[in-house]
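Each chain, letter by letter, is given below.
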Amino acid sequence: MRAVSPSLVFRLSSRNIWRNPKRSLFTLLAVAVGIWSAMALGAFTRGLNQTLVLKAINNLTGHIKVMHPDYRRDPVVQNRIEAAGAEMLSVLDSDAVKSWAARVRVPGVVMSERESQGTTLVGIDPASEVNLSFIGKGVHDGRMLEDELDGGVLLGRKMLEVLQTDVGKRVVLMSEGVDGAVADRGFRIVGAFDAELEATERNYVFVGRNVLQKMLGIGTDVSEISLRVADGRQDDVQRALRDVAKDSLVENWETLEPLTVSMRDVQSGFLHIWNVIVVIAVGFGLMNTLFMAIFERTREFGLFRAIGMRPAMIYLQVVGESVVLLVLGALLGNLLALGTIGYFAGGLDLSRFAQGLEHFGASRIVYPILRLSDVVTSNATIIVLALLSTLYPAWRASRLEPVEALSKI
Amino acid sequence: MARVPFGAGGGLIKNLSDNSKHPTIICESVERLYQQGDVTVHALAGVSLTIECGEFVSLCGPSGSGKTTLLNCVAGLDIPTSGEVYLIGNKISSMSKTELADLRLNNVGFVFQAYNLVPVLSAQENVEFVMELQGMSKKLRGEKARSVLREVGLEGMEHRRPAELSGGQQQRVAVARAIASEPQLVLADEPTANLDSKTSASLMDIMRKMNEDHGITFVFSTHDQLVMDRARRLVRMHDGLIESDEIQS
Ligand SMILES: Nc1ncnc2c1ncn2[C@@H]1O[C@H](COP(=O)(O)OP(=O)(O)O)[C@@H](O)[C@H]1O
Ligand SMILES: [Mg+2]
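Residues numbered from 1 in each chain as written. Chains lettered and ligands numbered in written order. Predicted model: local features only at pLDDT ≥ 70, side-chain atom pairs only at ≥ 80, totals over all residues. Heavy atoms only, no water.

### Focus on the overall build of chain B
In terms of regular secondary structure, chain B is built from eight helices and 10 strands. Computed over its C-alpha atoms, the radius of gyration of chain B comes to 18 Å, within 12% of the 18 Å expected for a compact globule of 249 residues. Structurally, chain B occupies a C-alpha span of about 50 × 40 × 40 Å along its principal axes. Going through the 249 residues of chain B one by one, you find that 56% of them count as buried. Excluding contacts between residues fewer than 6 apart, the proportion of contacts in chain B whose partners are at least 24 apart in sequence is 71%. Summed over its atoms, the accessible surface of chain B is roughly 10,200 Å², and 49% of this surface lies on carbon and sulfur atoms. (Helix = DSSP H or I, 4+ residues; strand = E, 2+ residues; numbered from the N terminus. Rg over C-alpha atoms; globule rule 2.2 N^0.38 Å. Buried < 20%, exposed > 50% of the residue type's maximum accessible area, 1.4 Å probe, protein only. Contact = heavy atoms within 4.5 Å. Areas by Shrake-Rupley, 256 points an atom, 1.4 Å probe, with all protein chains shown as cover.)

What follows is the structure in structure tokens.
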């Protein structure tokens, strides 16, 4: 004699699902929505976080920056550092550093024939920016600066609008020179760049580094050295740089972009809170519906016990019913999530909200990132918790006193 | 009395010589007290009763006289406050819940007043239920179920769900389920309480026939005169005690 008949358990479990289709549908949808929201929201949050971090790094920050100790407080020409010496170069040219650039970066004014606008003048060596910052990716209109001696200027597209000027025309750049007097010089606009944020297009004006150094009278000095490091080497490189640049400030992007870091943490935090809410809602919803189902069938369980069904089989029958619904719900949830993520694989355009999002440094387009580990975690969390929440009702069903159960109608 | 198995092939013939030595039921001074607030209810106030193999016994008495409690104690579903119950030679008080479940599964059939059937299973599946729990092969239990359903007059209704059957038909399926696995004993608690007199009479005739043809012991409770008249032995209860116990002609 067998203690448990699996085919009978399965038959009872699967048929009981149709006994109250509304309730079963609710359970199935709860699980599906739980998995869908965990996976889809997770993928979008990951995508949003990645653009946020990448943006911060691309936005002239890099992973690490070397600068004058007072530069962050007061980014003027006086707070500058010498060009990298031999010791510093040995660190910068090591394998741990992917790319680096030295820049002059001072507050200034750009004037067209019609308008003027406060901005930041950035002197770059275009070749060293290629794998480092957004400006290294080239321009939208006109041409890129050729080298650090190039006498042209690159303006953001929005800046062209504000100044009511265009590529090919001339502007004057003005700043405070090293001697405290106003330094200025005329430039031809050779190219216009696009950035994801309009603010970026207004905040930076790019010229050849050597040209700006001459205009300000600072020789070969620079404002900052920015670098991008190989994966996992950020701390090593930062330590090495601090050793060779004792008089300078060497900071990583997490310190330089605290807003990005806290945005990332807040978003991940929201996701976690949301997932906890979903899991609790699904768990309690499931437990509640199961208790209702058991309550309605109390007499039946009494009958089962009377005719000699062992408690273990009643337990398996109730759990089995949930498992069937869980598996179906999980399948549906995964399909929905993959469908949603697939549909937005080309990017979810947030431009309608972009004006608001810009304040947070988020980009206009978010690409969802789905990791296998997220799929596994979402599924495992919901399924394990849903299963756990069925164990107690099932246990209660199996422990019903047959006489009491039989007296219920 | 000889016990004849169902179905052409027979197949599951139990070792009856062993069990037949014992009376089917022995109750020795069985008491069952319920505490309701300050009041102690003597559902059973000291019942001694022996029922031999093959008997057809009616427990009768007014509502609240202790019939259901006695049947539950006999089946090992309820535990007497004092006294001893022996079911087919097994001392119930010394058995575990699982042992009791297995004893019931293999030796006792049940018919209750109502809601006897599993609503999601067809008539035939309901009848097969006990045999499936016993681990009988699909083919054999299918044959037996069809054969018993024919005997209770439900041929052609094998695939109906309980909701598609009348009250009388449902009780006949319940009787079929109770006897299909050829138990020693069938316990029936007011099996005809929800049926009209004509349907009750025909259900009693079926049970009587099963008793005579297959030697199954029947103990049923009732307060229906028509049902009492068909019993061979009539045990009257009142306030948890046996008032009279007589063989009817
Ligand atoms: N679970 C219980 N709790 C309290 N009293 C009960 C319980 N079950 C039965 N009784 C009492 O025991 C007595 C006998 O009940 P029962 O065996 O159901 O009688 P019958 O089946 O003859 O109508 C009744 O007075 C009833 O109220
Ligand atoms: Mg009763």
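On we go from here.
### Overview of the side chain of Asn 126 of chain B
Residue and element names in this part refer to chain B. Examined against the element boundaries, Asn 126 turns out to sit in helix α4 (residues 123-134). For Asn 126, a relative accessible area of 0% puts it in the buried group. For Asn 126, the side chain forms a polar contact with the main-chain oxygen of Leu 121, separated by 3.0 Å. When sequence neighbours within four positions are dropped, the list of residues in contact with Asn 126 reads Leu 117, Val 118, Leu 121, Pro 162, Val 173 and Arg 177. (Polar contact = N/O pair within 3.5 Å; in protein donor to acceptor, adjacent residues only side chain to side chain.)

### Structural notes on the pairing of strand β6 (residues 108-111) of chain B
Residues and elements named next belong to chain B. What you see with β6 is no split at all: Val 108 and Phe 110 on one side and Gly 109 and Val 111 on the other are buried throughout. With four bridges joining them, β6 and strand β7 (residues 185-189) adopt parallel strand pairing. Along β7, the bridge assignment pairs Gly 109 with Val 186. (Pairing = 2+ DSSP bridges.)

### Concerning the packing of helix α2 (residues 21-61) of chain A against helix α12 (residues 311-343) of chain A
All names here are of chain A. Running from N to C, α2 and α12 cross one another at 35°; their axes reach a closest spacing of 7 Å. With respect to the hand of their crossing, α2 and α12 are arranged in right-handed fashion. Grouping the constituent residues of the contact of α2 with α12 by class yields 19 nonpolar, six polar and no charged. (Axes fitted to C-alpha atoms, helices over the stretch in contact; angles between N-to-C directions. Left-handed = near helix turned anticlockwise from the far one by under 90°. Nonpolar A, V, L, I, M, F, W, Y, C, P; charged D, E, K, R; others polar.)

### Some details on a nonpolar patch on the surface
All names here are of chain A. There is a patch of nonpolar side chains on the surface, built from Leu 25, Leu 29, Val 33, Trp 36, Leu 332 and Leu 336 and spanning about 490 Å² of accessible area. A total of four residues in the nonpolar patch trace back to one element, the largest contributor, which is α2. As for its placement among the helices and strands, Leu 332 is situated in helix α12. (Patch = residues over 30% accessible without salt bridge, like charges linked within 9 Å, V, L, I, M, F, W, Y side chains within 5 Å. Salt bridge = Lys/Arg side-chain N within 4 Å of Asp/Glu carboxyl O.)

### As for the packing of aromatic side chains
Applying the stated criterion across every chain, the model contains 12 aromatic pairs over all chains. When the ring of Phe 291 of chain A is compared with that of Tyr 392 of chain A, the centres are 5.8 Å apart and the planes differ by 75°; the resulting orientation is edge-to-face. One end of the pair, Phe 291 of chain A, is in helix α10 (residues 258-296); the other, Tyr 392 of chain A, is in helix α14 (residues 372-398), with 101 residues separating them in the sequence. Assessed through its relative accessible area of 26%, Phe 291 of chain A is described here as partly exposed. Taken together, a centroid distance of 5.0 Å and an interplanar angle of 90° make the contact between Tyr 343 of chain A and Phe 344 of chain A edge-to-face. Its end group placed over the ring of Phe 187 of chain A, Arg 185 of chain A keeps NZ or CZ at 4.8 Å from the ring centre. Arg 299 of chain A extends its terminal NZ or CZ atom over the ring of Phe 112 of chain B, reaching a point 5.7 Å from the ring centre. (Phe/Tyr/Trp six-rings, centres within 6.5 Å; stacked < 30°, edge-to-face > 60°. Lys NZ or Arg CZ within 6 Å of the ring centre and 35° of its normal.)

### Examining the site of ligand 1
Residue and element names in this part refer to chain B. Contacts to ligand 1 come from Tyr 34, Gln 36, Val 41, Ala 43, Pro 62, Ser 63, Gly 64, Ser 65, Gly 66, Lys 67, Thr 68 and Thr 69. The backbone of Gly 66 places a nitrogen or oxygen atom 3.0 Å from an oxygen atom of ligand 1. Separating an oxygen atom of ligand 1 from a side-chain N or O atom of Thr 69 is a distance of 2.5 Å. Counting residues per element, the ones that place at least two in the shell around ligand 1 are β1 (25-36), β2 (39-51) and α2 (67-75). The greatest single-element share of the shell around ligand 1, amounting to three residues, is contributed by α2. For the shell around ligand 1, the class distribution of residues is four nonpolar, seven polar and one charged. (Near = heavy atom within 4 Å.)

### Section: the domain arrangement of chain A
Split into domains, chain A comes out as domain 1 (6-56 + 260-406) and domain 2 (69-247). Using only C-alpha atoms to locate each centre, domain 1 of chain A and domain 2 of chain A end up separated by 51 Å. (Domains from an automatic or database assignment.)

### Things to note about the sheet that holds β2 of chain B
Backbone-to-backbone hydrogen bonds pair the strands of a sheet. The strands run either parallel or antiparallel. Residues and elements named next belong to chain B. With respect to topology, four strands assemble into an open sheet ordered β2-β1-β4-β5, the strand pairing being antiparallel. Strand pairing shows two members of the sheet lacking a second neighbour, β2 and β5 (90-91), which therefore form its edges. As paired elements, β1 and β2 share 10 bridges and run antiparallel to each other. By the bridge assignment for β2, Gln 36 is matched with Val 39. Its contacts with the sheet put α2 on β1, β2 and β4 (82-87), and the angle it makes with β2 is roughly 60°.

### A closer look at the environment of Val 91 of chain A
Residues and elements named next belong to chain A. Along the chain, Val 91 falls in helix α3 (residues 86-92). Sequence spacing of Val 91 and Ala 240 is 149 residues, and the spatial spacing of their C-alpha atoms is 6.9 Å. Not counting residues up to four positions away in its chain, the partners in contact with Val 91 are Val 97, Ala 240, Leu 241 and Val 244.

### Thoughts on the nonpolar core
In summary, soluble globular proteins display a tendency toward joint burial of nonpolar side chains. One finds Leu 12 of chain A together with Leu 70, Leu 87, Phe 110, Phe 129, Leu 187 and Val 219 of chain B to be the most contacted residues of the largest nonpolar core, which totals 56 residues. Residue contributions to this core peak at five residues, all from α2 of chain B. Once you skip the residues sitting within four places of it in the chain, Leu 187 of chain B turns out to touch Leu 71, Val 74, Ala 75, Val 108, Gly 109, Phe 110, Val 111 and Val 219 of chain B. Ile 64, Val 91, Val 106 and Ile 189 of chain A belong to the second-largest nonpolar core, a separate cluster that totals 40 residues. (Core = buried A, V, L, I, M, F, W, Y, C linked by side-chain atoms within 4.5 Å.)

### Brief notes about the pattern of salt bridges
Summed over the entire model, instances satisfying the criterion amount to 34 salt bridges over all chains. Of the charged contacts, one joins Asp 236 of chain A and Arg 233 of chain A as a salt bridge, the two residues approaching to 3.0 Å between their closest N and O atoms. Given a relative accessible area of 35%, Arg 233 of chain A falls into the partly exposed group. Shared partners join several salt bridges into a network, and the residues in it are Arg 11 and Arg 15 of chain A together with Glu 125, Glu 128, Glu 132 and Arg 141 of chain B.

### Brief notes about unusual backbone geometry
Residue and element names in this part refer to chain B. With a phi angle near 45°, Ser 29 is a residue other than glycine that sits in the positive phi range. Its location among the elements puts Ser 29 in strand β1. Classification of Ser 29 as partly exposed rests on a relative accessible area of 44%. Here the phi dihedral of Glu 182 falls at roughly 55°; this positive angle occurs in a residue that is not glycine.

### Quick look at α4 of chain B
The buried fraction of α4 of chain B amounts to 12 of the 12 residues, a majority that puts the element mostly inside the structure. Within α4 of chain B, burial applies to Ala 123, Gln 124, Glu 125, Asn 126, Val 127, Glu 128, Phe 129, Val 130, Met 131, Glu 132, Leu 133 and Gln 134 of chain B. Buried residues in α4 of chain B make contact with α1 (6-17), α11 (298-306) and α12 of chain A together with α3 (97-107), α5 (138-151) and α6 (167-180) of chain B. Directly after α4 of chain B, the chain includes Gly 135 of chain B, whose backbone phi takes a positive value near 90°.

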